[in-house]
Amino acid sequence: MTYIKETYVDSNQQHLFEHFDDLTDVEQTELLNNLKVISDRISPHKLVEDCQNAIALSETNKHSTSVISSLPESSYYSIIGNKKEEEEYRKLGLEAISKGEVAVILMAGGQGTRLGSSQPKGCYDIGLPSHKSLFQIQAEKILRLQQLTGSKHDIPWYIMTSKPTRQTTEQYFKDNSYFNLKKSQITFFNQGTLPAFDLNGEKLYLGSKTELVESPDGNGGLYRAMVENNLLEDFHKKNIKHVYMYCVDNVLSKVADPVFIGFAIKYNFKLATKAVRKRDAAESVGIIATKDGKPCVIEYSEISQELSEAIDETGLLKLRAANIVNHYYSVELFDQQLTNWCDNMVYHIAKKKIPYFDPKTGKISKPTEPNGIKLEQFIFDVFPSVNIKDFGCLEVERSHEFAPLKNASGSANDNPETSRTAYMNLGTSWLKDSGADVKDNVLVEVSGTLSYSGENLQQYRGQIFDINDTILE
Ligand code: UTP
């Protein structure tokens, strides 16, 4: 095992062994074994190189001279105020679901550090009257869709977890009897993890006496995880043609959304994404656009103020397509590109506060300022590899589809309270649209098992709702 030590020392990681002689024999072996697992996957030399490249990339992006434009009309559609098209898409999407051609991928590998919950984000109770968790809300949407199509085919649900979230997530589903879905329709799979660096991108951090600090490799780690877990083979076995991908932290996500899937089918898009309208020029969100003619997501910081504020002939912001990380992929595209994506995706740096084991004191040190770098891949980095004619973006209503849970209770935005309100407002608006008499200041929780997107509520026409927080199942 001494070669393991040498491999790391050769890459300037000798600090990992400062305490080596103080460790017991068992601990020494444990440390070396843990380091071996990592270096078998990726050599320390390559890790440092990737981190240095990621640091250099962050500098290049700041000085980019690429030409940024909004998507061409042939790629950009809206269902806002466009009921007829929406119905047409829905019909196509429901047909595909009925035939068993649609699978769902959920990204639930993040650590939710800003939210600060000890459990995975999907287990979080946003304070609905029913106290349902995000996972339950999403499972019920799948159940309801299956009911709507009445098909013999279940919708396969692939849930991406990571080392920190896997065990608790799987146990949570088990403890809750898979929320009445079939166990066999749910597949858990892990994304990879990567060690964390100091701010210079040179030294790896120990998280304990015997382990490095490791964190999930970003939502772009999805593609490698798909390969390593043979998802494509599974899609082919099940005759899946369309994949709906979404994030665990959006309580309004229309899981397996037939409208979105039908949109992609109608225009034969191989990759599609949903967008909501940017609130105003200053909102700090990623924008779906083109860079030198290729589809992409651009960080707000990369767009000049003049371009951010530019208005089109309809009076709306030219660059208004805010990314909500909700994508469609054809399985055909995965067949063509998945390996290529895995081989060519770059890493980005995220500067974070990283608690670490200090061999000098033998204690965990908790920094109050960012002290290190985590490497992440971004799911949208593959967009430019798709021909613009195969790429579609569907603009949807924010209040119907997007209320992310990012921050802890009581923070300024994107917190449990805003998620709860968005969910309750939407259900209440469906009830009102169905002719129910919901009194002012009353909010009603409409369960996903009752209605997927506002249907099936005519039974409440004329009914008075004057008690806040009523639950309709
Ligand atoms: P975020 O990038 O907001 O990260 O994830 P997060 O883990 O939820 O929260 P912070 O940044 O630590 O506070 C957006 C979505 O991408 C998933 C998350 O689970 C969430 O659904 N994700 C993120 C992964 O699946 N893996 C990752 O490595 C990162």
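Everything below is about the structure shown above.
Below is a short write-up of the structure. Remember, it's a predicted structure, so these values are computed and weren't measured experimentally.

## Regarding the site of the ligand
Then comes step 1: In the neighbourhood of the ligand, 18 residues make up the surrounding shell, with Met107, Thr113, Lys121, Gln191 and Lys406 lying closest.
Then comes step 2: At 2.7 Å, a backbone N or O of methionine 107 approaches an oxygen atom of the ligand.
Then comes step 3: Note that an oxygen atom of the ligand is positioned 2.8 Å from one of the backbone N or O atoms of glycine 109.
Then comes step 4: For the ligand, whose free accessible area comes to 560 Å², the fraction covered by protein is 86%.
Then comes step 5: When its residues are assigned to classes, the shell around the ligand shows six nonpolar, eight polar and four charged.

## Observations regarding unusual backbone geometry
Then comes step 1: Phi at histidine 131 takes a positive value of approximately 60°, unusual for a residue other than glycine.
Then comes step 2: If you trace the backbone, histidine 131 turns up in the loop between strand E3 (102-107) and helix H5 (134-149).
Then comes step 3: Of note, asparagine 456 is a non-glycine position whose phi angle comes to about 70°, a positive value.
Then comes step 4: Structurally, asparagine 456 is set in the loop between strand E20 (444-446) and strand E21 (464-465).
Then comes step 5: Accessibility expressed as a relative area gives 28% for asparagine 456, which makes it partly exposed.

## Structural notes on the pairing of strand E12 (residues 294-298)
Then comes step 1: Summarising burial for E12: four of the five residues are buried, a large majority.
Then comes step 2: Across five bridges, strand E11 (residues 287-291) lies against E12 in antiparallel orientation. Bridge pairing links isoleucine 287 to isoleucine 298 in E12.
Then comes step 3: Hairpin connection of E11 to E12: two residues between the antiparallel strands, including aspartate 292 at a positive phi of 50°.

## Details of the sheet that holds strand E17 (residues 372-376)
Then comes step 1: Judged by pairing direction, the sheet is antiparallel, and its three strands sit side by side in the order E7-E17-E14 without closing on themselves. Edge positions in the sheet fall to strand E7 (197-198) and strand E14 (348-352), since each of these pairs with one other strand and no more.

## Remarks on the side chain of glutamine 185
Then comes step 1: With respect to the helices, strands and loops of the structure, glutamine 185 is situated in the loop between helix H6 (166-175) and strand E5 (186-190).
Then comes step 2: Relative accessible area serves as the criterion here: at 7%, glutamine 185 is assigned to the buried category.
Then comes step 3: A polar contact is formed between the side chain of glutamine 185 and the backbone nitrogen of lysine 182, at a distance of 2.9 Å.
Then comes step 4: Among residues more than four places away in sequence, those in contact with glutamine 185 are Ile142, Gln146, Asp154, Ile155, Pro156 and Trp157.

## Some words on helix H8 (residues 231-238)
Each turn of an α-helix holds 3.6 residues, which means side chains three or four residues apart point in the same direction.
Then comes step 1: Every buried residue of H8 is accounted for by Leu231, Leu232, Asp234 and Phe235. Viewed end-on, H8 has its buried residues packed into an arc of 160°, placing them on one side of the element.
Then comes step 2: Once H8 ends, the next one or two residues include asparagine 239, with phi positive near 65°.

## Quick notes on the nonpolar core
Then comes step 1: Phe135, Trp157, Phe173 and Leu394 are the most contacted members of the largest nonpolar core, which totals 52 residues.
Then comes step 2: Not counting chain neighbours up to four residues away, the residues in contact with phenylalanine 173 comprise Phe135, Trp157, Ile159, Tyr178, Phe179, Ile186 and Phe188.

## Re the side chain of serine 11
Then comes step 1: Here serine 11 shows up in the loop between helix H1 (2-10) and helix H2 (25-41).
Then comes step 2: Excluding its chain neighbours within four sequence positions, the residues that come into contact with serine 11 are Pro44, His45 and Val48.

## Thoughts on the packing of aromatic side chains
Then comes step 1: According to the stated counting rule, one finds 28 aromatic pairs in the structure shown.
Then comes step 2: Geometrically, the ring pair formed by tyrosine 223 and tyrosine 329 is edge-to-face, given 6.2 Å between the ring centres and 80° between the ring planes. Residue tyrosine 223 is found in helix H7 (residues 221-228), and its partner tyrosine 329 is found in strand E13 (residues 321-330); the two are separated by 106 residues along the sequence.
Then comes step 3: Residue tyrosine 223 is classed as buried on the basis of its relative accessible area, which comes to 0%.
Then comes step 4: Accessibility expressed as a relative area gives 0% for tyrosine 329, which makes it buried.
Then comes step 5: By way of ring pairs, the aromatic residues Phe135, Trp157, Tyr172, Phe173, Phe179 and Phe188 are connected into one cluster.
Then comes step 6: Stacked on the ring of phenylalanine 20, the Lys or Arg lysine 5 has its end atom at 4.2 Å from the ring centre.

Scoring rules and cut-offs
Residues numbered from 1 in each chain as written. Predicted model: local features only at pLDDT ≥ 70, side-chain atom pairs only at ≥ 80, totals over all residues. Heavy atoms only, no water. Near = heavy atom within 4 Å. Polar contact = N/O pair within 3.5 Å; in protein donor to acceptor, adjacent residues only side chain to side chain. Areas by Shrake-Rupley, 256 points an atom, 1.4 Å probe, with all protein chains shown as cover. Nonpolar A, V, L, I, M, F, W, Y, C, P; charged D, E, K, R; others polar. Helix = DSSP H or I, 4+ residues; strand = E, 2+ residues; numbered from the N terminus. Buried < 20%, exposed > 50% of the residue type's maximum accessible area, 1.4 Å probe, protein only. Pairing = 2+ DSSP bridges. Contact = heavy atoms within 4.5 Å. Arc of directions from axis to C-beta. Core = buried A, V, L, I, M, F, W, Y, C linked by side-chain atoms within 4.5 Å. Phe/Tyr/Trp six-rings, centres within 6.5 Å; stacked < 30°, edge-to-face > 60°. Lys NZ or Arg CZ within 6 Å of the ring centre and 35° of its normal.

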